[in-house]
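# Secondary and tertiary structure notes
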Amino acid sequence: MKTPLTSLAGLDLLTSAVIVLDADSCIMYANAAAESLLGSSFKALTHQRLSDLFLNGEELLAVFEQAVAHQFADKRQDLTLERSGRDALHVHSIVTALDNPDSPVLIELRENVQQLKLDREERMLDQSKANKELIRNLAHEIKNPLGGIRGAAQLLELELPERHLKELREYTQVIIKEADRLQTLVDRLLAPHRLPHIVGDVNIHEVCERVRSLMVAEFPQGLTIKRDYDLSIPEFRGDKEQLIQAVLNIAHNAAQALSERIKLGDAEIIFRTRVMRQMTLAKVRYRLALDLHIIDNGPGIPDEIRNRIFYPLVSGRDGGSGLGLTLAQTFVEQHLGAIECESRPGCTDFRILIPLP
């Protein structure tokens, strides 16, 4: 007779997590997907109570007891399993009662990708709102004293003694120029909230082609820009100039990250457009959505800023203002859309999603 472990070995080929419990609700088998989902090896999991792995494990324990009592053949439900010091698991669980007193219950856990996506979008939306409020307040707090500093420096320059004018004017000019630089930065911070939202019919491929022509003019050598368009995408109502700026900011960031590959002559950016069906954006379901990808073959986004790239003033390069992606996110959100990003060495993919009519 085969042992339970031998008979269940084939479950390692499944992508969903499978766990078999003994009569005491302890783990007696976990496939490879379960090890990955729970972040622990089969050896470490063996003989642990499944309910003890989670802060709210009593819900799993209750379902286990119902299965042992044969109150159902199988039970399906969505669960949020909370873990100490780690992210909660959002899973769809299938609990099956087995006709075996030594291993009476089999549990299958499938990570709820849709719930994770909704939670991530909600976090990004909250973060974006907080960023906007912070930017507005900070910009106004800086703007008022900045004008006073610049004005005082100009008045001081007028009062400088003639014989020391040349030497001392250098210092007042530093104050004036730095005040002007900060004023420009503040204006850029406030720009998305000041500019009117000019709505008209937008063809996304005209937007991409405009950005492509600007990029080719700035980087004529060493950078190839490829196009992979779905020409069936319909026009939609939007602000063409804002979308051009959003796509340009992302593409320009990509080109700057590709500086070493541009020198080698093998830098590449891809503009790819597709239509997504039944897409949920900011908790609203849309029948159709634009799916625009801006992909580069650069080194990838550094780990230390990967989760903060849309924060204002966060930049991955020396001399960067850290505003390009923040402005791009603001402009896309004004079109009821969202920006997502996946990055690894050799491939960074920014994805813009916007509802279509």
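In this text the structure is predicted, and so the values were computed from the model without any measurement. (Residues numbered from 1 in each chain as written. Predicted model: local features only at pLDDT ≥ 70, side-chain atom pairs only at ≥ 80, totals over all residues. Heavy atoms only, no water.)

## Some details on the overall build of the protein chain
Across its full length, the protein chain carries ten helices and twelve strands. When contacts within the protein chain are restricted to residue pairs at least 6 apart in sequence, long-range pairs at least 24 apart make up 61% of them. Of the accessible surface of the protein chain, which amounts to about 19900 Å², a share of 53% is contributed by carbon and sulfur atoms. (Helix = DSSP H or I, 4+ residues; strand = E, 2+ residues; numbered from the N terminus. Contact = heavy atoms within 4.5 Å. Areas by Shrake-Rupley, 256 points an atom, 1.4 Å probe, with all protein chains shown as cover.)

## Describing the packing of aromatic side chains
Think of a pair of aromatic rings as described by two things: how far the centres are apart, and how the planes are tilted against each other in angle. Considering all chains together, one arrives at one aromatic pair under this definition. Between Tyr 29 and Phe 42, the ring centres sit 6.2 Å apart and the planes meet at 55°, which makes this aromatic pair tilted. Linking Tyr 29 in strand β2 (residues 27–30) with Phe 42 in helix α3 (residues 42–45), this pair joins segments that are 13 residues apart in sequence. (Phe/Tyr/Trp six-rings, centres within 6.5 Å; stacked < 30°, edge-to-face > 60°.)

## Quick look at the sheet that holds strand β10 (residues 284–296)
Here five strands make up an open sheet; going across it, the order is β7-β9-β10-β12-β11 and the pairing mixed. Whereas interior strands pair on both sides, the edge strands pair on one side only; in this sheet they are β7 (223–228) and β11 (338–344). Each adjacent strand pair in this sheet contributes to an overall mean axis angle of 20°, direction not counted. In this sheet, β10 lies alongside strand β9 (residues 267–281) in antiparallel orientation, the contact comprising twelve bridges. Residue pairing across strands places Arg 277 opposite Leu 288, the latter belonging to β10. (Pairing = 2+ DSSP bridges. Axes fitted to C-alpha atoms, helices over the stretch in contact; angles between N-to-C directions.)

## As for the nonpolar core
Met 215, Leu 223, Ile 269, Phe 271 and Ile 352 are the most contacted members of the largest nonpolar core, which totals 43 residues. A per-element tally of this core places helix α8 (residues 240–257) first, with nine residues. Ignoring sequence-local partners within four residues, the contact set of Phe 271 consists of Cys 208, Val 211, Arg 212, Ile 225, Lys 226, Arg 227, Asp 228, Tyr 229, Val 247, Ala 251, His 293 and Ile 294. Ile 19, Leu 81, Leu 89 and Val 105 belong to the second largest nonpolar core, which has 25 residues in total. (Core = buried A, V, L, I, M, F, W, Y, C linked by side-chain atoms within 4.5 Å. Buried < 20%, exposed > 50% of the residue type's maximum accessible area, 1.4 Å probe, protein only.)

## Here we look at the sheet that holds strand β4 (residues 86–97)
Ordered by their spatial adjacency, five strands build an open sheet running β2-β1-β5-β4-β3, and the pairing between neighbours is antiparallel. Every interior strand has two partners, whereas the edge strands, β2 and β3 (74–83), have only one. In this sheet, adjacent strand axes meet at a mean angle of 25° when their direction is disregarded. Pairing of strand β1 (residues 17–21) with strand β5 (residues 105–111), which is carried by five bridges, proceeds in the antiparallel orientation. Each bridged residue has a counterpart across the sheet, and for Val 18 the counterpart in β5 is Glu 108. Helix-sheet contacts for helix α4 (residues 58–68) involve β1, β3, β4 and β5, and the interaxial angle to β3 is about 155°.

## Some thoughts on α4
Within α4 the residues assigned to the buried category are Leu 60, Val 63, Phe 64 and Ala 67. The arc that holds the buried residues of α4, viewed along the axis, is 105°, so those residues lie on one side. On its buried face, α4 is in contact with β1, β3, β4 and β5. (Arc of directions from axis to C-beta.)

## Concerning the side chain of Gln 77
One can find Gln 77 in strand β3. Using a relative accessible area of 19% as the deciding quantity, one classes Gln 77 as buried. Aside from chain neighbours lying at most four places away, what touches Gln 77 is Glu 59, Val 63, Val 91, His 92 and Ser 93.

## Overview of the environment of Leu 325
Within the secondary structure, Leu 325 sits in helix α10 (residues 324–333). The class for Leu 325 is buried, based on a relative accessible area of 10%. Apart from residues no more than four positions distant in its own chain, Leu 325 is found in contact with Ile 250, Asn 253, Ile 309, Phe 310 and Phe 350.

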